[in-house]
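An overview of the molecular structure
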Amino acid sequence: MGGWCNGVWVWGDFGIPHNPSNNTVIPAVFSSVVVRDQHIVVVADPSSNNIFSEELLQLQQAVQSVSIDFNRTDIVKWQAELEGVFSVKSCYNIINANRILYGPLGEFDKALTIVWKMDVLMKIRAFGWRSFIYRLPMRGALTKRGIISFSNSSCVYCCIREETSVHLLLTCHNADLVWRDIAKWIGFDNYKARDLKESFLKW
């Protein structure tokens, strides 16, 4: 974390030696910052040290507008939210800001966003989202993880094909009969789909 050096606390950092006492110029930088009238002020003359002249000027510009309220305790503020309060959503957005989940965006990937905006129970939204990213505990997946034996990996309905999310909910003959009857009931013809997200967006 840091340590005291000539009466000045020096924070440990990747750019600061772990033993600041071995470096005679570091205490000069930190001791140049003092508090006057509840404001942080840089009192050292930047021209006195050419090595840290630019750093001191930047430090002075950064802290000149900072005021200290001694009647308030320090707080931790999460900068990713306007309210300063941590949220899982903002953390998730930060982590995935520079990469695309599950490969390049596909034609039907907008279903991953739409499903969370549906006016249904949360457990139904969660089920839909997990099915879209193939995270339902289907027999095929449980077999690959060694949770169940290979002999039990077939579809619970047809007992022919391997049980996956797409097969069980979409392409299995028994599931297709259900979708066909619902589509016929509401007068919808184009209900066939190869992917769960595609089927979701069609309906």
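Refer to the structure presented above.
Now for a quick tour of the structure. Remember, predicted model here, so these are calculated numbers, not experimental data.

The description of an aromatic ring pair rests on the distance of the ring centres and on the angle between the ring planes. Under the counting rule described, the total for this entry stands at three aromatic pairs. Ring centres of Trp78 and Phe86 lie 4.9 Å apart, and the angle between their planes is 80 degrees; on these two criteria the pair is classed as edge-to-face. For Trp78, a relative accessible area of 27% translates into the label partly exposed. Taking relative accessible area as the criterion, Phe86 reaches 47% and is therefore assigned partly exposed.

Judged by nonpolar contacts, Ala111, Leu112, Val115, Phe132, Ile133, Val166, Leu170, Ala193 and Leu196 together constitute the single largest core of nine residues. Contributions of two or more residues to this core are made by α4 (111-114) and α7 (165-171). Those residues in contact with Val166 that lie beyond four places of it in its chain are Tyr134, Thr171, Arg194 and Leu196. Counting residues in hydrophobic clusters, the runner-up holds six residues, among them Met138, Cys155, Cys172 and Ala175.

Let's shift gears to the layout of surface pockets. Considering only enclosed or pocket space, the second largest pocket measures out at about 420 Å³ in volume. Along its surface, the second largest pocket is lined by 16 residues, and Gly128, Ser131, Phe132, Trp179 and Phe200 are the ones closest to its centre. Of all elements in the fold, only α5 (122-132), α7 and α9 (196-202) reach the threshold of two or more residues within the lining of the second largest pocket. If you tally residues by element for the lining of the second largest pocket, the top one is α5, at six residues. A class-by-class count of the residues in the lining of the second largest pocket yields 12 nonpolar, three polar and one charged.

Moving on to α5. Here α5 has its buried residues at Arg125, Gly128, Ser131 and Phe132. Here the buried residues of α5 occupy an arc of 130 degrees about the axis, which is enough to place them on one side. Among the structural elements, α4, α7 and α9 are those in contact with the buried residues of α5. Among the residues trailing α5, Tyr134 stands out with phi positive, at a value near 60 degrees.

Rules behind the numbers
Residues numbered from 1 in each chain as written. Predicted model: local features only at pLDDT ≥ 70, side-chain atom pairs only at ≥ 80, totals over all residues. Heavy atoms only, no water. Phe/Tyr/Trp six-rings, centres within 6.5 Å; stacked < 30°, edge-to-face > 60°. Buried < 20%, exposed > 50% of the residue type's maximum accessible area, 1.4 Å probe, protein only. Core = buried A, V, L, I, M, F, W, Y, C linked by side-chain atoms within 4.5 Å. Helix = DSSP H or I, 4+ residues; strand = E, 2+ residues; numbered from the N terminus. Contact = heavy atoms within 4.5 Å. 1 Å grid on protein atoms, 1.4 Å probe; cavity = no way out; pocket = protein on both sides within 12 Å on 5 of 7 lines; lining within 4 Å. Points joined across faces, edges and corners; volume = space filled by probe spheres on them. Nonpolar A, V, L, I, M, F, W, Y, C, P; charged D, E, K, R; others polar. Arc of directions from axis to C-beta.

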